[in-house]
Amino acid sequence: MNQQNHNKVTKKRSGVLPVWLLGAGLATGLLMIGLLFVIIIMNGLAVFWPREVVLITLHHESGAGPGGRTEFGASILDQRSISGSSEGSEEYYLYVGSDEVLGDKFHYIPLEDVIDLSKPKAAMVAERYAHGSALLIPESLEDENGAIVMANSPQFNEALKKAISNSAEKRKALHDLESGDIAKVNRALEMLAINERKLLNNSTQSTQLEELRKERTALEKRHESLAAIAQSLRDEANQAKLYYRLLSGEAITQPIQEILSVHQPNAMGIFDKIWYFITHFIKYALDDPREGNTEGGIFPIIVGTFVLTILMSIVVMPLGVIAAIYLREYARPGPIVQFVRIAVSNLAGVPSIVYGVFGLGFFVYFLGGHIDTLFFSDRLPSPTFGTGGIIWAALTLALLTVPVVIVATEESLAAFPQGIREASLACGASRFQTLIRIILPASAPGMITGLVLAIARAAGEVAPLMLVGVVAFAPDLPFDQIAPYVHLDRKFMHMGYHIYSLGFLTQDSEAAKPMVFATTFLLIMLVVVLNIGAMLLRDKMRKRYSSETF
């Protein structure tokens, strides 16, 4: 009896170690994922927090300052050990801005060269359209009417903010004009040119050709008129100017229209900094990118990623569900069906770049080329659909993720109780009625699970998109106010490719690093939002149909 108990205890103990190892493996994996998220969140959110401006003074023999300067302004981004130094020497990693004057926006300074650090309260950071932010001491402001407001005047800050606000309104009016009326006229001129080419070789259409030329003349006059209004807006915006000195001493005159915003980080309290953080986080999500995507926002990138994911979902969901229904409900079991199931499972393991090559060859060159030949021959040799575009990228991703939806849907159909299925048939319902009214509603949560998994994979894919339409910068969104309003043939921007291009393709990788973390953080947020939306829909359907199914 004692020997039997001993054997039982030994058997139980023999199973404890594997359980602990599995638990340790799971905990390690979760810890690593959590650590990754913490790093991304801390570095991503730090981009929006205002950093103080310091006046750095180096000893006179130091040549480490920007352009050999011994006194200059900077924001300290990091303090780190000097790579390769065996003596434990450290250096500052600085943002100095104004690369048109200082030569570079980022700089490294050895700590041993620094003899003084101070924080001038009047120091101001001006975010500009080009050349990075300027770290400056303001001197005066010249408004649109030529009036001068000195920096030591109590009205200076209010006058400067008002001038920047007026400039932003003019900039928006100019943008609306260029993307609205001027873009419509350009589009109409382009279509006229195509129609004129059609009629040029047809002598019987001379009357129509003459009418087109008259229409062209009218459109060109309209374009000139709109261009004059646009130039007037630019001239008005150029009248206000800010006079300032960099902390290194150089005097600068900057048109207000080149300044996006200003703030004084050394004079800000904690609530001012929190408000700055919130407003700049929102601004980052709603602005267009600037300076090779290393400054500004990522609005077109978010839109491109969102539209691509929605288009992919619209295509992959019916395709995957129909394929799964046929395999589970109608296909006769046998070696062919088994082979198809194995092939579907193997498709999920094919490298994504292979899908990109297939999408380029089949969708872009073959399908797009034939669409151009049949419907857009008058625009050739310039391709319309025979080049990369968001529709081909969506179809390629749908092909990549359809095995996920098929497998999830088939598992959901297989889990449906056989008794309920037979009860429906016994009540006189046909097989198709049973499928549509009983089985599919009850299996919908499983199908949505497949969609969630498909979205999660598609949102992070980059390799296939590089071949079928994604670009580093696309000035136009997939939709606008010009007919047909939705332009599926346009190239687009994507958050995954944006991170890749910033991290590996830009010349100034240090300048791009903050944007890489910020975009990665927002990409994770976008995937989380899409997944939460799909899961809420799944739970809603589960509650609705669980009470209606027999």
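Computed from a predicted structure; not experimentally measured.

With respect to the overall build of the chain
Scanning the chain for helices and strands turns up 14 helices and 13 strands. Relative to the globule expectation of 24 Å for 550 residues, the C-alpha radius of gyration of the chain, 31 Å, shows a markedly less compact shape. Projected onto its principal axes, the C-alpha coordinates of the chain cover approximately 100 × 90 × 45 Å. Each of the 550 residues in the chain was classed as buried or not, and the buried ones make up 41%. Intrachain contacts of the chain at a sequence separation of at least 6 include 66% that bridge at least 24 residues. Here the chain has roughly 29,900 Å² of accessible surface; of this, 62% comes from carbon and sulfur atoms.

Comments concerning the packing of aromatic side chains
Evaluated as defined, the whole model comprises 16 aromatic pairs. Consider the rings of Phe 48 and Phe 281, whose centres lie 5.2 Å apart with planes at 85°: the pair is edge-to-face. With Phe 48 in the loop between α1 (2-46) and β1 (54-58) and Phe 281 in helix α5 (residues 270-286), this residue pair connects regions lying 233 residues apart in the sequence. An aromatic cluster of at least three residues, connected via ring pairs, comprises Phe 358, Phe 362, Phe 363, Phe 366, Phe 376, Phe 385 and Trp 392.

Quick word on the side chain of Glu 142
Considering the arrangement of structural elements, one finds Glu 142 in strand β7 (residues 134-142). With no salt bridge to any partner, buried Glu 142 finds its closest opposite charge in Lys 241, at an N-O distance of 4.9 Å. A polar contact of 2.7 Å, which involves the side chain of Glu 142, links it to the side chain of Tyr 243.

Comments concerning the packing of helix α6 (residues 299-330) against helix α9 (residues 390-414)
With their axes 6 Å apart at the nearest point, α6 and α9 run at an angle of 40° to one another. As judged from the angle between their axes, α6 and α9 are oblique. As α6 packs across α9, the resulting crossing turns out to be right-handed. Here the residues of the contact of α6 with α9 are counted per class, giving 24 nonpolar, 4 polar and 3 charged.

Regarding the UniProt feature "transmembrane region" (unreviewed entry) in the chain
The UniProt feature table records "transmembrane region" (unreviewed entry) at residues 20-49, 298-327, 339-367, 387-408, 438-459 and 515-537. Within the segment residues 298-327, helix and strand shares are 97% and 0% respectively, and the terminal C-alpha atoms sit 43 Å apart.

Some details on the packing of helix α7 (residues 335-347) against α9
Contact geometry of α7 with α9 gives a least axis separation of 8 Å together with a crossing angle of 130°. Here α9 runs oblique to α7, going by the angle between their axes. Considering the relative orientation of α7 and α9, their crossing is left-handed. Of α9, the residues touching α7 (which contributes Arg 341, Val 344 and Leu 347) are Pro 403, Ile 406, Val 407 and Glu 410.

Section: the pairing of strand β11 (residues 259-263)
Along β11, 5 of the 5 residues are buried, which leaves the element largely enclosed by surrounding structure. Of the pairings in the sheet, the one linking strand β6 (residues 124-128) to β11 comprises 4 bridges and is antiparallel in character. Bridge pairing in β11 links Val 125 to His 263.

As for the environment of Phe 432
Topologically, Phe 432 is positioned in helix α11 (residues 431-460). Expressed as a C-alpha distance, the spacing of Phe 432 and Glu 329, which sit 103 residues apart in the sequence, is 9.7 Å.

Some words on a nonpolar patch on the surface
A contiguous nonpolar surface patch, about 940 Å² in accessible area, is contributed by Trp 49, Ile 270, Phe 271, Ile 274, Trp 275, Ile 278, Ile 282, Leu 286 and Phe 299. Mapped onto the secondary structure, Leu 286 falls in helix α5.

Things to note about unusual backbone geometry
Trans peptide bonds make up most of the peptide bonds, and negative phi angles are found at most residues other than glycine. At Ser 98, a residue that is not glycine, the phi angle is positive and equals roughly 45°. You can see Ser 98 is positioned in the loop between β3 (90-95) and α2 (99-102). Its relative accessible area of 1% is what places Ser 98 among the buried residues.

Focus: the sheet that holds β3
As summarised here, the arrangement of the 5 strands in space is β4-β3-β2-β1-β5, forming an open sheet in which the pairing is antiparallel. Two strands close off the open sheet at either side, each with one partner strand: β4 (106-110) and β5 (114-118). Each strand axis lies, on average, 45° off the axis of its neighbour in the sheet, ignoring direction. The sheet contact formed by β1 and strand β2 (residues 71-81) spans 4 bridges and is antiparallel. Bridge pairing links Ile 56 to Phe 72 in β2.

Rules of the game
- Residues numbered from 1 in each chain as written.
- Predicted model: local features only at pLDDT ≥ 70, side-chain atom pairs only at ≥ 80, totals over all residues.
- Heavy atoms only, no water.
- Helix = DSSP H or I, 4+ residues; strand = E, 2+ residues; numbered from the N terminus.
- Rg over C-alpha atoms; globule rule 2.2 N^0.38 Å.
- Buried < 20%, exposed > 50% of the residue type's maximum accessible area, 1.4 Å probe, protein only.
- Contact = heavy atoms within 4.5 Å.
- Areas by Shrake-Rupley, 256 points an atom, 1.4 Å probe, with all protein chains shown as cover.
- Phe/Tyr/Trp six-rings, centres within 6.5 Å; stacked < 30°, edge-to-face > 60°.
- Lys, Arg positive; Asp, Glu negative; His and termini not counted.
- Salt bridge = Lys/Arg side-chain N within 4 Å of Asp/Glu carboxyl O.
- Polar contact = N/O pair within 3.5 Å; in protein donor to acceptor, adjacent residues only side chain to side chain.
- Axes fitted to C-alpha atoms, helices over the stretch in contact; angles between N-to-C directions.
- Parallel < 35°, antiparallel > 145°, perpendicular 65-115°, else oblique.
- Left-handed = near helix turned anticlockwise from the far one by under 90°.
- Nonpolar A, V, L, I, M, F, W, Y, C, P; charged D, E, K, R; others polar.
- UniProt positions renumbered as here; feature names shortened; annotations may be inferred.
- Pairing = 2+ DSSP bridges.
- Patch = residues over 30% accessible without salt bridge, like charges linked within 9 Å, V, L, I, M, F, W, Y side chains within 5 Å.

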